[in-house]
Amino acid sequence: MKILFLTDSFNGMAQRLWIELDRLNHQVKVQTAKTQKKMLDCVKQYKPGLIIAPFLTTKIPSEIWQKHICLIVHPGIKGDRGASSLDWAILNKKKQWGVTILQAAEKMDAGDIWGSEVFSMRNVSKAQLYRNEVTQAASRGILKALKNFTTPHFLPEVLDYSDPKIKGKWNNKVTQKDLQFSWEDPTDSIIRKINAADSTPGVQITLFNKSFYAYGAHKDSYLKGKSGAILAQRHLAISIATKTDAVWITHLKAAEQGSIKLPAVLALQELANRIPLSNISPFDDIKENTWQEISFQQEGHIGYLHFNFYNGAMSTQQCIRLKEAFIEAKKRVKLIVLMGGTDVWSNGIHLNIIENAKNPAEESWRNINAIDDLILEIIQSTNHYVICALQGNAGAGGVSLALSGDKVLARNGIVLNPHTKNMGLYGSEYWTYLLPKRIGIDKANKFTEECLPWGVAVAKEIGLIDDFFGETTTEFVNFVKEQANKIIKLTYFDKLLKAKQFQRRKDEMNKPLSKYREEELKKMKANFFDNNMDYNQKRHSFVHKLVNENAQTIEDLYMSRRAIYRKRKWESITYKDEK
């Protein structure tokens, strides 16, 4: 079937749904569209059999939805309407929420219901819920709606508020008035409001008589002080006292035109010089609630190294600290599991910090070398077995980081983007060694050139990852621990390490790692320093969330994927709508 995606951006959810439909052999085109004219032009040209809007804030014009079935992915339960569904669910402390697949109609979110899914709410940020529970539920909902669409005589459910089973209602858009709080308020209430506004718009607060939007809230039961007082800074985050505890704020954005979201200390600039340091080690035995970007848990001869970096971006200093933690972990255990973050594994270098730097080219260079150093340390750790456990999505250099381990495990439903071309970069992180080693040179080149998102099923089949399991983080972590314990208990565990050492020596004789790095960085240096407007403009647009309506859309990628990657049972598949 010819399916058109109309979306604000090809974000994680849109990519996940594209992957699911691609696996079912549908002909899918993705059109980023912030204007109704763009939508009308695309529909007229493409002539889809079905339109899906995974993430769309612009209303679909009546000229489209009156002629085509348009399915809207709405992050709310049946009957929920409005632009701040997930925000209100968090603010109202809902125990259960859902995703509804609605047909576009005259009134917003009031169309017929083609499917709905529910999930249990966690006490985490809106962004974390969206990337995990909401995306998983949307995937199930769209697949069911698609089945209904192809079922003869199926009639969608009419939204009827007189039906007692309809629990949702219309909600106005969340405003800063709804998010306001006092530092005298209960700590959990403060965190809930920041969680509800995380990603966007943030909660407006005042620090040093200056207005900022706050993001990334974490409870601290150790530090105490007068309510509203800034108590400490740690790894560029700041701690602010509440009536009974404290709250760590990891990111701020100045409430000024053109400002970008940054680690809190960088956003405060020279004002942060007044804030005392309060650093802790990932290996400290912490008894109280606090915030740690990097933490270590040891269970017998197995060590679990967590690095929960906001949105998966890894700055120069974060890469250095993670490398130091990995070196220390090697002194304690023989098997290390790199756990990444709970909702994002890694997305490579930190573009926001680079954009904010006085010399973005120099900071780009420092950042890429720091992540290279980290990955090199992992590759050369031949006396240890390393598992990379991807709880969340991975992109760009974050995929290379995952491939540096001996075994790559992923949670079912995550999305992998092993490319950097869409940011105007050649890529480093030893990808020219790690990616071909896993999938061969031909596929590696195609991966990095075509900028396709990959789901775990296809990734396992072609060898990019070893296995995937679990719909939830809890299920996946339990699976990872089972796998780690099986490996460490193998009678031939020492032989595994000897085989690893032999393979590393063989690879080094064939081509030294230093040569891979030299070749990659030569091209990256040109990307950074040779007046590369492509990289600078794409980074600026990404960081400032600018949309280029004239950008090339993602179309006919299904043809590329089918022709290049599909094997065995997929070889004979043809599309019904193919001309």
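Residues numbered from 1 in each chain as written. Predicted model: local features only at pLDDT ≥ 70, side-chain atom pairs only at ≥ 80, totals over all residues. Heavy atoms only, no water.

## So, the overall build of the protein chain
Alright, step 1. Each helix and strand counted, the protein chain has 20 helices and 22 strands in total.
Alright, step 2. Its C-alpha atoms give the protein chain a radius of gyration of 24 Å, within 12% of the compact-globule value 25 Å for 579 residues.
Alright, step 3. Taken over the C-alpha atoms alone, the protein chain extends approximately 65 × 65 × 50 Å along its principal axes.
Alright, step 4. Each of the 579 residues in the protein chain was classed as buried or not, and the buried ones make up 55%.
Alright, step 5. Long-range contacts, defined as pairs at least 24 residues apart, comprise 69% of the intrachain contacts of the protein chain with a sequence gap of at least 6.
Alright, step 6. Carbon and sulfur atoms make up 49% of the accessible area of the protein chain, which amounts to about 26,400 Å² in all.
Alright, step 7. The average position of the 82 basic charges and that of the 63 acidic charges among the side chains of the protein chain differ by 2 Å. (Helix = DSSP H or I, 4+ residues; strand = E, 2+ residues; numbered from the N terminus. Rg over C-alpha atoms; globule rule 2.2 N^0.38 Å. Buried < 20%, exposed > 50% of the residue type's maximum accessible area, 1.4 Å probe, protein only. Contact = heavy atoms within 4.5 Å. Areas by Shrake-Rupley, 256 points an atom, 1.4 Å probe, with all protein chains shown as cover. Lys, Arg positive; Asp, Glu negative; His and termini not counted. Charge placed at Lys NZ, Arg CZ, Asp CG, Glu CD.)

## Considerations on empty space enclosed by the protein
Alright, step 1. Enumeration over the complete set of coordinates arrives at two cavities of 30 Å³ or more.
Alright, step 2. If you add up the space inside the largest cavity, you get close to 110 Å³.
Alright, step 3. Surrounding the largest cavity, 15 residues form its lining, Ala396, Ser400, Pro418, His419 and Trp431 being those nearest its centre.
Alright, step 4. When contributions to the lining of the largest cavity are tallied by element, the ones reaching two or more residues are α12 (397-403) and α13 (431-439).
Alright, step 5. In the lining of the largest cavity, the residues fall into seven nonpolar, seven polar and one charged.
Alright, step 6. Each pocket or cavity is described by its volume, and for the second largest cavity that value is around 30 Å³.
Alright, step 7. In terms of lining, the second largest cavity is formed by Leu390, Ala394, Val399, Ala402, Leu403, Val408, Leu416, Leu464 and Ile465.
Alright, step 8. Among the elements that take part in the lining of the second largest cavity, α12 stands out by supplying three residues, more than any other.
Alright, step 9. Tallied by class, residues from the lining of the second largest cavity come to nine nonpolar, no polar and no charged. (1 Å grid on protein atoms, 1.4 Å probe; cavity = no way out; pocket = protein on both sides within 12 Å on 5 of 7 lines; lining within 4 Å. Points joined across faces, edges and corners; volume = space filled by probe spheres on them. Nonpolar A, V, L, I, M, F, W, Y, C, P; charged D, E, K, R; others polar.)

## Describing the sheet that holds strand β19 (residues 407-411)
Alright, step 1. The strand order β13-β14-β15-β17-β19-β22 describes an open sheet built from six strands, whose pairing is mixed. In this open sheet, the two edge strands, each paired with only one partner strand, are β13 (294-299) and β22 (467-469). Across this sheet, the average inter-strand angle for adjacent strands is 20°, counted without regard to direction.
Alright, step 2. Where strand β17 (residues 385-390) meets β19, four bridges bridge the pair, whose relative direction is parallel. Bridge pairing in β19 places Leu390 opposite Ala410.
Alright, step 3. Sheet strands touched by helix α16 (residues 473-488): β13, β14 (302-307), β15 (335-340), β17, β19 and β22. Its angle to β19, the strand with the most contacts, is close to 160°.
Alright, step 4. Of the strands in this sheet, β15 and β17 are in contact with helix α17 (residues 493-510), which crosses β17 at around 90°. (Pairing = 2+ DSSP bridges. Axes fitted to C-alpha atoms, helices over the stretch in contact; angles between N-to-C directions.)

## Remarks on the packing of aromatic side chains
Alright, step 1. Considering all chains together, one arrives at 15 aromatic pairs under this definition.
Alright, step 2. An angle of 45° between the planes, with centres 5.9 Å apart, marks the rings of Phe307 and Phe309 as tilted.
Alright, step 3. Under the relative-accessibility criterion, Phe307 is labelled buried at 1%.
Alright, step 4. By way of ring pairs, the aromatic residues Trp114, Phe149 and Phe154 are connected into one cluster.
Alright, step 5. Of note, Arg539 hangs over the ring of Tyr535, and the distance from its end group to the ring centre comes to 4.8 Å. (Phe/Tyr/Trp six-rings, centres within 6.5 Å; stacked < 30°, edge-to-face > 60°. Lys NZ or Arg CZ within 6 Å of the ring centre and 35° of its normal.)

## Quick notes on the nonpolar core
One recurring pattern in soluble globular proteins: nonpolar side chains tend to sit buried together.
Alright, step 1. Residues Ile238, Leu252, Leu338 and Leu390 are the most contacted members of the largest nonpolar core, which totals 131 residues.
Alright, step 2. Counting residues per element, this core draws most heavily on helix α11 (residues 360-379), at nine residues.
Alright, step 3. Excluding anything up to four places from it in sequence, Leu390 contacts Trp345, Ala402, Val408, Leu409, Ala410, Arg411, Ile414, Leu416 and Phe476.
Alright, step 4. The next biggest cluster of nonpolar side chains, apart from the first, holds 19 residues, and it includes Ala33, Val43, Trp65 and Leu159. (Core = buried A, V, L, I, M, F, W, Y, C linked by side-chain atoms within 4.5 Å.)

## Considerations on the state of the cysteines
Alright, step 1. Under the definition given, this model contains zero disulfides.
Alright, step 2. Cys388 provides the cysteine sulfur closest to Cys319, a residue in no disulfide bond, and the two sulfurs are 14 Å apart.
Alright, step 3. Cys451 takes part in no disulfide bond, and the closest cysteine sulfur, belonging to Cys42, lies 20 Å away. (Disulfide = S-S within 2.5 Å.)

## Some thoughts on the environment of Ile286
Alright, step 1. Tracing the backbone shows Ile286 in the loop between α8 (264-268) and β13.
Alright, step 2. Placed 64 residues apart in sequence, Ile286 and Tyr222 show a C-alpha to C-alpha distance of 9.7 Å.
Alright, step 3. Discounting residues that sit within four places of it in the chain, Ile286 has contacts with Ile280 and Gln292.

## Observations concerning helix α5 (residues 126-149)
Alright, step 1. At Val134, α5 shows its strongest bend, of approximately 35°.
Alright, step 2. Counting buried residues along α5, 17 of its 24 residues qualify, which places the element largely inside the surrounding structure. (Bend = angle between axes of the 7 residues up to and from the residue.)

## Quick look at the sheet that holds strand β6 (residues 113-120)
Alright, step 1. Read across the sheet, six strands follow the order β2-β1-β3-β4-β5-β6 without closing on themselves; strand pairing throughout is mixed. Because the sheet does not close on itself, it has two edges, and the strands there are β2 (27-32) and β6. Pairs of neighbouring strands in the sheet enclose a mean axial angle of 20°, with direction left out of account.
Alright, step 2. Both strand β4 (residues 70-74) and strand β5 (residues 96-103) contribute to a ladder of four bridges, which runs antiparallel.

## Side note on the pairing of β19
In summary, the side chains of a regular strand alternate between the two faces of the sheet.
Alright, step 1. Across the five residues that make up β19, a large majority, four, are buried.
Alright, step 2. Across three bridges, the pairing between β19 and β22 is parallel. Note on β22: the bridge partner recorded for Leu409 is Asp467.

## Regarding the packing of α11 against helix α18 (residues 513-529)
Alright, step 1. At a minimum axis separation of 10 Å, α11 and α18 run at an interaxial angle of 160°. Here α11 is positioned roughly antiparallel relative to α18, judged by the angle of their axes. Of the two possible hands of crossing, α11 and α18 adopt the one that is right-handed. Residues Ala361, Glu362, Ser364, Trp365, Ile368, Asn369, Asp372, Asp373, Leu376 and Ile379 of α11 form the contact with α18, whose own contacting residues are Leu513, Arg517, Leu521, Met524, Lys525, Phe528 and Phe529.
Alright, step 2. A per-class count over the contact of α11 with α18 returns 10 nonpolar, two polar and five charged. (Parallel < 35°, antiparallel > 145°, perpendicular 65-115°, else oblique. Left-handed = near helix turned anticlockwise from the far one by under 90°.)

## Focus on the side chain of Asn352
Alright, step 1. Looking at where Asn352 falls in the secondary structure, it is placed in helix α10 (residues 351-356).
Alright, step 2. With residues up to four places along the chain from it excluded, the contact list for Asn352 reads Ile260, Lys261, Leu262 and Val543.

## Description of the pattern of salt bridges
Alright, step 1. Under the criterion given, the structure shown has 30 salt bridges.
Alright, step 2. We note a salt bridge from Glu256 to Lys210, for which the minimum N-O separation is 3.8 Å. With Glu256 in the loop between β11 (246-254) and β12 (262-263) and Lys210 in strand β8 (residues 210-220), the pair connects residues that are 46 residues apart, well separated along the chain.
Alright, step 3. Among the residues examined, Glu256 registers a relative accessible area of 47% and is labelled partly exposed.
Alright, step 4. Under the relative-accessibility criterion, Lys210 is labelled partly exposed at 25%.
Alright, step 5. The partner of Asp534 in a salt bridge is Lys538, and the shortest N-O contact between them spans 3.3 Å. Pair noted here: Asp534 and Lys538 are both in helix α19 (residues 533-543), with a separation of four residues, about one helical turn.
Alright, step 6. Exposure remark for Asp534: the relative accessible area of 35% places this residue in the partly exposed category.
Alright, step 7. Classification of Lys538 by relative accessible area gives partly exposed; the value is 31%. (Salt bridge = Lys/Arg side-chain N within 4 Å of Asp/Glu carboxyl O.)

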